[in-house]
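# Structural overview
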Amino acid sequence: MEKFVINGGKRLCGEVRISGAKNSAVAILPGVLLAESPCVIENLPEISDVRSVCTVLSRLGANVEFLDNTTVRIDPTGVKAFTVTEEMSKSMRASSYFMGALLGRMNHSRVAPPGGCDFGVRPIDLHIKGFEALGAKVMIEDGMVDVKADALSGGYVYLDLVSVGATVNIMLAAVKANGVTVIENAAREPHIVDLANFLNSMGANIMGAGTNAIKIRGVEHLHGVDYSIIPDQIEAGTYMAAAVATKGDVLVTNVIPKHLESIIVKIREMGAKVEENDESVRVSMDTRPRMCKVKTMPHPGFPTDMQPQVAAVLTVGEGTSIINEGVWDSRFRYVEQLSLMGAEVQVDGKRAFINGVEKLSGTRVRAVDLRAGAAMIVAGLMAEGETIIEDIEHIDRGYENVVGKFMALGADIKRIN
Ligand code: EPZ
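Now for a quick tour of the structure. (Residues numbered from 1 in each chain as written. Predicted model: local features only at pLDDT ≥ 70, side-chain atom pairs only at ≥ 80, totals over all residues. Heavy atoms only, no water.)

## Considering the environment of Ser262
- If you trace the backbone, Ser262 turns up in helix 9 (residues 261-269).
- Taking the relative accessible area as the measure of exposure, Ser262 reaches 17% and is therefore buried.
- Residues within four places of Ser262 in sequence aside, it is in contact with Pro300, Gly301, Phe302 and Pro303. (Helix = DSSP H or I, 4+ residues; strand = E, 2+ residues; numbered from the N terminus. Buried < 20%, exposed > 50% of the residue type's maximum accessible area, 1.4 Å probe, protein only. Contact = heavy atoms within 4.5 Å.)

And the structure:
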């Protein structure tokens, strides 16, 4: 099994270029199934989640051809299959998007429940509520979710909770339904807007993406397009957190600064200087981080996917910081690992109290999930001595060339077998 080995204490300086957004890519790639001609998708991150989605697409019968490392041409015209087995779906959460995409394409999908990060129970009741509002019948048979309709018709869906996945899935299913679909209390994440822009460029009629009410007027045909994915807000935030953690000076390029606002506010509260440019942000830090209160919420709130990385920074903050997890029931499994490095963190339900210590010490830790793994890198970069991170396949799911990018900033990090 591969591991990362980090010798901490190096100040990160220089420039890092952010890749395409994972959570956009994993929604847009299944969306290609709705097109009646080939699509070219650019600025894909080189990560295992993207490779997994592409494998599912080719096993369904699409012709998938990488034109270079970050560009793929997908011809979905030959797709007849509508089944995504457990073996195809187990490694990634986004396999659920094949439910909406296949339903939209051929009124039928049969998909094994998705895998992905373990944050406690990850229900799909709101996805199902959405499909039913469009006239589909949903049955759970032999561990597979079977969704079928004679014809999809537009419907009204109120999401009891803001759900990114349900919003994506309903959009994918509704773009070719007869009539108008309204999603109330919809997610507003940048990747929702990116998916809507992609589908609209194919000929869909989606209005209101980025607000909490999305209106979709169904169309009969969608055509193939060339489309470029937005930069990854969370990858950018992770490098920003690492710059703060190591008292560094890092220019994070190829970003949309507006997507980073809630992160910028928090790291400024910690004492960092942040300079916002058109397509880059520069983060510099020269003191110990100040304590901070963070509450995660759906966009435009502070992203839950940045919670572990920011918690790692605050373990060496001055004073006691409080993190309130407002999205997932259980997203503090990484705390045990930080404690092994000397962090003082107490978890009480959905809150964590972090009593800042002077320094962390390197030791052997695990990446318990994707962003938890990113937090271990941040912790390792600022810790004294050597940190060995195990189970790094979680990190490879979502971070492109993480070793190369951190090394270019001056980190002492390597991948070993
Ligand atoms: C997406 O997961 C992201 N994944 C997650 O990022 C992210 O943490 C999450 O949104 C929240 O921002 C992808 O985009 C592939 P949700 P998703 O549906 O869609 C509850 C990362 O690190 N809920 O918005 O699965 C659910 O339990 C990953 O990149 C229901 O109750 O999340 C949670 O408490 C990890 N019923 C809340 O809603 C449902 O049917 C938000 O979940 C669906 C969700």
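## Description of the sheet that holds strand 6 (residues 83-84)
- Reading across the sheet, the four strands line up as 6-7-9-8 and stay open at both edges, with mixed pairing between neighbours. Edge positions in the sheet fall to strand 6 and strand 8 (137-141), since each of these pairs with one other strand and no more.
- Both strand 7 (residues 108-111) and strand 9 (residues 144-148) contribute to a ladder of four bridges, which runs antiparallel. Each residue of the ladder has a partner; that of Arg110, found in strand 9, is Asp146. (Pairing = 2+ DSSP bridges.)

## Some thoughts on the site of the ligand
- Close to the ligand lie 24 residues; Leu126, Ser163, Val164, Asp305 and Val327 are nearest.
- In this structure, an oxygen atom belonging to the ligand sits 3.0 Å away from a side-chain N or O atom of Trp328.
- One nitrogen or oxygen atom from the side chain of Arg371 is found 2.7 Å from an oxygen atom belonging to the ligand.
- When isolated, the ligand has an accessible area of 830 Å², and the protein chains bury 92% of it.
- A class-by-class count of the residues in the shell around the ligand yields 12 nonpolar, five polar and seven charged. (Near = heavy atom within 4 Å. Polar contact = N/O pair within 3.5 Å; in protein donor to acceptor, adjacent residues only side chain to side chain. Areas by Shrake-Rupley, 256 points an atom, 1.4 Å probe, with all protein chains shown as cover. Nonpolar A, V, L, I, M, F, W, Y, C, P; charged D, E, K, R; others polar.)

Don't take any of this as a statement about function, it's just geometry.
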